[in-house]
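Working through the structure, step by step
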Amino acid sequence: MLNYLAEPRAQQPHTCGWVVGGAPCGHVLFPAEFSEHLRAHGVSGNDATRVPCRWVACDSPQMGRGNLLRHVFEVHLELRFECPDCGMSFTRRNSLNNHRRRAHA
């Protein structure tokens, strides 16, 4: 696990904090694996399906299933996208791309 500490957070493994049966899941996964993993926890339906976030100590209101993965990435895994030109940090890749087009084009 220590080998990954030099990598950006988006490439590091994270511990799943989804509460199952009263306890956090605890599986260690890479960010790319979380979407499928949350489906295994019963997060399913179309993007408009309202679902609660069951992450440890999360009190966010129900959200569309399509927003849940983004919520987990931004809030719980604290994934950020850093601008290689100026170092600014963004929670969404599209925000980084918009910034780069406006500020560094």
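Above: the structure in question.
Here's a quick rundown of the structure. Predicted, not measured: the structure shown is a model, and the values here were computed from it.

Counted under the stated rule, the structure contains zero disulfides. Between C58, a free cysteine, and C53, which holds the nearest cysteine sulfur, the sulfur-to-sulfur gap is 3.7 Å. Classification of C58 as buried rests on a relative accessible area of 18%.

We now examine the pattern of salt bridges. Tallied over the full model, the rule gives four salt bridges. Among the ionic pairs, R70 bridges to E74, the shortest N-O distance being 3.8 Å. With R70 and E74 both in helix α2 (residues 65-76), this residue pair falls four residues apart, about one helical turn. Given a relative accessible area of 34%, R70 falls into the partly exposed group. One continuous salt-bridge network, built from bridges that share partners, spans R70, E74 and R92.

Cut-off values and rules
- Residues numbered from 1 in each chain as written.
- Predicted model: local features only at pLDDT ≥ 70, side-chain atom pairs only at ≥ 80, totals over all residues.
- Heavy atoms only, no water.
- Disulfide = S-S within 2.5 Å.
- Buried < 20%, exposed > 50% of the residue type's maximum accessible area, 1.4 Å probe, protein only.
- Salt bridge = Lys/Arg side-chain N within 4 Å of Asp/Glu carboxyl O.
- Helix = DSSP H or I, 4+ residues; strand = E, 2+ residues; numbered from the N terminus.

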